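The primary structure of each chain is shown beneath.
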Amino acid sequence: MTHNLIKPMSWELAASSSLALSLSEMRFVVAFVVYVLVGVGLRHVRSTKARHWYAVITGFLLIYYPFGTGVLHALVPSSLIYLAMCAFPTHCGTLAWLIAFPYLIMNHVFQASGLSWKEGQLDFTGAQMVLTLKLVAIGVCYQDGRTHADKHDRPYRAAMRLDRLPSLLEYYSYCFASGNLLAGPFFEAKEYFDFIERRGDWDEAAHGRLQSSLLPGALRFLRGAACATLWSVLGREFNATLLESRWWNTISVRHRVALILLTGFTARLKYYFVWSVAEAGLIMSGQCYSGLSQKGRASWGRFVNTRIRAVEFQPYMSALAGNWNICTGKFLRHHVYDRLTPKGRKPTVVTTLATQLTSGVWHGLFPGYWAFFATSALMFEASKVIYRYEQGWPVWARSFWPWQAAKMALTSCVLNYAAMSFLVLTWQDTWNLWRSVGFYGHGLVLTIMLVGAVLPPRRRPRDPRARDGDEGVVAGEPAAAVPGQQAPAGREKSA
């Protein structure tokens with residue numbers, strides 16, 4: 001049970017009632033809007049030390065406002081991991097995994113986070129999920145910095161090493177980061193410290209002052225506001241309650257499939273809102289800066305967390321992972337997938353399963369999460385089969401718009417079908433829901449995989465430029481066939 005010294009105010013109750021939000025949801029929205037303004041203020045703090053203090057104080061207050069004493073959960077694993085970094089620098093990354101993830105699982109269980117979120121009651125567990133990624137990452141990167149550098153280290157691992165122990169102020173500045181725990185996105189400690197200390201791309205002596213981020217930040221915020229408005233309208237009709245209602249069993253299968261498509265899209269709108277606003281805050285502060293374009297204009301795509309058009313109109317199911325929750329995928333890619341794959345070797349099925357397992361545990365222990373990730377693995381494999389068939393076709397056939405539209409429809413139908421397990425959570429509800437539409441999503445992907453096994457696509461000649469184990473996918477396959485694959489910083493294209 002959490003407590004909050006900030007008592008409910010009349011305007012909060014009135015606003016939450018008119019918007020059909022719980023008090024915790026209303027406070028989360030308010031904190032999120034203030035977070036963007038905090039980002040504007042951070043850009044104008046001139047001293048490095050003052051920026052660290054600003055990040056700690058504002059970050060703590062923005063989390064306390066909606067979650068109250070739940071914010072104290074941040075102090076337990078963070079304190080233990082900092083002590084591990086001080087006492088056991090060559091093993092602190094391993095200890096970070098052993099501390100942060102079990103503590104998160106404990107919170108998921110005790111708070112029953114999935115069911116609470118389903119009912120509109122927010123708690124600190126969501127923020128704890130973001131914090132867990134950051135605590136593991138800073139522990140692992142500091143361990144990398146204190147162990148002997150391996151010439152076979154991947155470039156990303158070498159670039160993110162921390163060669164010195166952050167001070168306590170720097171450490172908690174990274175943890176709270178001016179409200180970043182509200183909804184992410186994840187970023188590495190090295191990237192954050194470079195931003196705060198004005199190094200690298202943010203070095204004003206080398207690159208001059210950053211261009212104004214007011215317009216791109218405002219546009220990103222407006223995109224989030226548009227998604228929130230649409231979600232508030234559609235969410236009243238298309239939600240988990242509809243899927244579990246008695247009325248659901250009285251309608252035709254065709255009607256159910258149509259409702260699944262609408263409900264899945266509506267559910268994603270909520271994530272588009274929070275991630276767009278989170279990006280807006282980072283753009284306003286300047287942290288999202290990713291270099292100059294060829295035309296000399298500032299790019300603000302360093303921490304893009306979703307590309308809406310690339311999700312909603314995606315011809316390749318395997319490319320969904322690289323356009324949805326991108327920064328978490330980045331963590332999974334570099335701190336799980338790559339580290340389980342020795343350089344120069346190809347990833348194995350065990351590597352992929354371990355990565356999916358980590359993602360599943362991070363989200364929670366409800367069967368619905370596990371059902372989704374298991375289904376997504378089948379989706380990726382089916383997408384690879386389609387891609388390999390296409391390689392034997394002429395270019396005009398592959399790019400023929402009816403074929404592209406058919407693939408987009410397939411992706412949308414299967415994605416929304418699979419996502420329903422994320423909404424209903426329990427195994428019985430997931431099974432009943434999928435059965436009510438004839439398990440069509442599994443039927444489609446398994447049929448594609450079966451056809452690919454019985455009538456295998458013609459193998460194309462090996463590309464001599466492809467290296468064994470590089471990227472973990474077949475050369476030329478759609479990006480993000482593995483977790484977190486994305487364009488290099490500065491080349492992202494946001495929706």
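Please read these numbers as outputs of a predicted model, since none were measured by experiment.

A.B. asks: Any chance you could explain the pattern of salt bridges here in plain terms?
C.D. replies: Two side chains of opposite charge can pair, provided their charged atoms sit close to one another. One pass over the full model with this rule turns up 17 salt bridges. Taking the shortest distance from any N to any O, the salt bridge between Glu279 and Arg223 comes out at 3.6 Å. You can see Glu279 sitting in helix H14 (residues 253–285) and its partner Arg223 sitting in helix H12 (residues 214–234), a full 56 residues away along the chain. Taking relative accessible area as the criterion, Glu279 reaches 0% and is therefore assigned buried. Where Asp338 meets Arg333, a salt bridge forms, and the shortest distance between an N and an O atom there is 3.0 Å. Owing to a relative accessible area of 10%, Asp338 belongs among the buried residues under this scheme. Shared partners join several salt bridges into a network, and the residues in it are Arg164, Glu170, Lys190, Asp194, Glu197 and Arg199.

A.B. asks: I would appreciate a short explanation of the confidence of the model for the protein chain in the present structure.
C.D. replies: It should be kept in mind that the predicted coordinates are not to be read in detail where pLDDT is low. Summing up the model confidence of the protein chain, the mean pLDDT is 87 and the portion of residues at 70 or higher is 89%. Between residues 466–495, whose pLDDT stays under 50, and residues either more than four places distant or in other chains, the model counts 75 contacts.

A.B. asks: Explain the side chain of Gln128 here, please?
C.D. replies: As for its placement among the helices and strands, Gln128 is situated in helix H7 (residues 125–146). Residue contacts for Gln128: discarding those within four places in its chain leaves His73, Ala74, Pro77, Tyr103, Leu104 and Asn107.

A.B. asks: Explain empty space enclosed by the protein to me, please; I cannot follow it from the model alone.
C.D. replies: Gaps left between atoms are located by rolling a probe of water-molecule size over the structure's atoms. With the rule as written, the count across this model stands at 5 cavities of 30 Å³ or more. Computed from the structure, the largest cavity encloses a volume of approximately 60 Å³. In this structure, the largest cavity is lined by Tyr35, Gly39, Leu42, Ala177, Ser178, Tyr192, Gly281, Leu282, Ser285 and Gln287. For the lining of the largest cavity, the secondary-structure elements that each account for two or more residues are helix H2 (23–43) and H14. By residue class, the composition of the lining of the largest cavity is 5 nonpolar, 5 polar and no charged.

A.B. asks: It is not clear to me how a nonpolar patch on the surface should be interpreted in this structure. Could you clarify?
C.D. replies: On the surface, Met106, Val109, Phe110, Leu357, Leu365 and Trp370 cluster together to form a nonpolar patch covering roughly 570 Å² of accessible area. Counting residues per element, the nonpolar patch draws most heavily on helix H5 (residues 92–111), which supplies 3 residues. By the element assignment, Leu365 lies in the loop between helix H17 (349–363) and helix H18 (367–390).

A.B. asks: Is there a simple way to think about the nonpolar core in this case?
C.D. replies: Nonpolar side chains tend to gather and get buried jointly when the protein is soluble and globular. Counting 103 residues, the largest nonpolar core has Phe32, Tyr171, Tyr174 and Leu182 as the members making the most contacts within it. For this core, the element with the highest residue contribution is H7, accounting for 12 residues. The contacts of Tyr174, once residues within four sequence positions are left out, are Lys134, Ala137, Ile138, Phe186, Phe187, Glu188, Ala189, Tyr192 and Phe193. Counting residues in hydrophobic clusters, the runner-up holds 17 residues, among them Leu242, Leu243, Val257 and Val437.

A.B. asks: Whenever I open this one, the environment of Asn107 confuses me. Can you help?
C.D. replies: Looking at the secondary structure, you find Asn107 in helix H5. Owing to a relative accessible area of 3%, Asn107 belongs among the buried residues under this scheme. Residues Asn107 and Gln128, spaced 21 residues apart in sequence, show a C-alpha to C-alpha distance of 8.4 Å.

A.B. asks: What exactly am I supposed to notice about the packing of aromatic side chains here?
C.D. replies: Note on aromatic pairs: each is described by the distance of the centres and the angle between the planes. Going through the model one piece at a time under the given rule, you end up with 36 aromatic pairs. Between Phe32 and Phe273, the ring centres sit 6.0 Å apart and the planes meet at 75 degrees, which makes this aromatic pair edge-to-face. Here the residue Phe32 occupies a position in helix H2, and Phe273 occupies one in helix H14, the gap between them amounting to 241 residues. Here Phe273 falls in the buried class, since its relative accessible area comes to 11%. A centroid spacing of 5.2 Å and a plane angle of 85 degrees characterise the contact between Tyr171 and Tyr172, whose relative ring orientation is edge-to-face. The same class applies to Tyr171 and to Tyr172, which are both buried. Joined through ring pairs, the aromatic side chains of Phe60, Tyr64, Tyr82, Tyr171, Tyr172 and Phe176 make up one cluster. Its end group placed over the ring of Tyr174, Lys134 keeps NZ or CZ at 4.8 Å from the ring centre.

A.B. asks: Explain the environment of Thr263 to me, please; I cannot follow it from the model alone.
C.D. replies: Along the chain, the position of Thr263 falls in helix H14. Owing to a relative accessible area of 1%, Thr263 belongs among the buried residues under this scheme. In contact with Thr263, not counting residues within four places along its chain, are Phe238, Asn239, Leu242, Leu243, Met420 and Leu423.

A.B. asks: Explain unusual backbone geometry to me, please; I cannot follow it from the model alone.
C.D. replies: Excluding glycine, residues mostly have negative phi values, and the peptide bonds linking residues are mostly trans. In this structure, the amide linkage connecting Gly184 to the following residue, Pro185, adopts the cis form with an omega of 0 degrees. Inspection of the secondary structure puts Pro185 in the loop between helix H9 (168–176) and helix H10 (189–196). Look at Arg198: it is not a glycine, yet its phi comes out positive at around 55 degrees. Following the sequence through the fold, Arg198 ends up in the loop between H10 and helix H11 (204–207). Phi at Leu425 is positive, roughly 75 degrees, even though this residue is not glycine. Along the chain, the position of Leu425 falls in the loop between helix H20 (401–424) and helix H21 (427–436). On the basis of relative accessibility, which here comes to 2%, the residue Leu425 falls in the buried class.

A.B. asks: What exactly am I supposed to notice about the packing of H18 against helix H22 (residues 440–454) here?
C.D. replies: The angle between the axes and the distance between the axes are what describe a pair of packed helices. H22 packs onto H18 with a crossing angle of 45 degrees between their chain directions and a minimal axis gap of 9 Å. By the criterion of interaxial angle, the relationship of H18 to H22 is oblique. Judged by the twist between their axes, the crossing of H18 over H22 is left-handed. From H18, Thr375, Leu378, Met379, Glu381, Ala382, Val385, Ile386 and Tyr389 reach across to H22, where they touch His442, Val445, Leu446, Ile448, Met449, Val451 and Gly452.

A.B. asks: For this particular structure, what's the right way to read the environment of Tyr54?
C.D. replies: Along the chain, Tyr54 falls in helix H3 (residues 48–67). Residue class for Tyr54 comes out partly exposed when judged on its relative accessible area of 22%. Remark: the alpha-carbon pair of Tyr54 and Val38, spanning 16 residues in sequence, is separated by 9.1 Å. With residues near it in sequence (within four places) discarded, Tyr54 still touches Val38, Gly41, Leu42, Val45, Gly59 and Ser178.

Conventions and cut-offs
Residues numbered from 1 in each chain as written. Predicted model: local features only at pLDDT ≥ 70, side-chain atom pairs only at ≥ 80, totals over all residues. Heavy atoms only, no water. Salt bridge = Lys/Arg side-chain N within 4 Å of Asp/Glu carboxyl O. Helix = DSSP H or I, 4+ residues; strand = E, 2+ residues; numbered from the N terminus. Buried < 20%, exposed > 50% of the residue type's maximum accessible area, 1.4 Å probe, protein only. pLDDT = per-residue confidence, 0-100. Contact = heavy atoms within 4.5 Å. 1 Å grid on protein atoms, 1.4 Å probe; cavity = no way out; pocket = protein on both sides within 12 Å on 5 of 7 lines; lining within 4 Å. Points joined across faces, edges and corners; volume = space filled by probe spheres on them. Nonpolar A, V, L, I, M, F, W, Y, C, P; charged D, E, K, R; others polar. Patch = residues over 30% accessible without salt bridge, like charges linked within 9 Å, V, L, I, M, F, W, Y side chains within 5 Å. Areas by Shrake-Rupley, 256 points an atom, 1.4 Å probe, with all protein chains shown as cover. Core = buried A, V, L, I, M, F, W, Y, C linked by side-chain atoms within 4.5 Å. Phe/Tyr/Trp six-rings, centres within 6.5 Å; stacked < 30°, edge-to-face > 60°. Lys NZ or Arg CZ within 6 Å of the ring centre and 35° of its normal. Axes fitted to C-alpha atoms, helices over the stretch in contact; angles between N-to-C directions. Parallel < 35°, antiparallel > 145°, perpendicular 65-115°, else oblique. Left-handed = near helix turned anticlockwise from the far one by under 90°.

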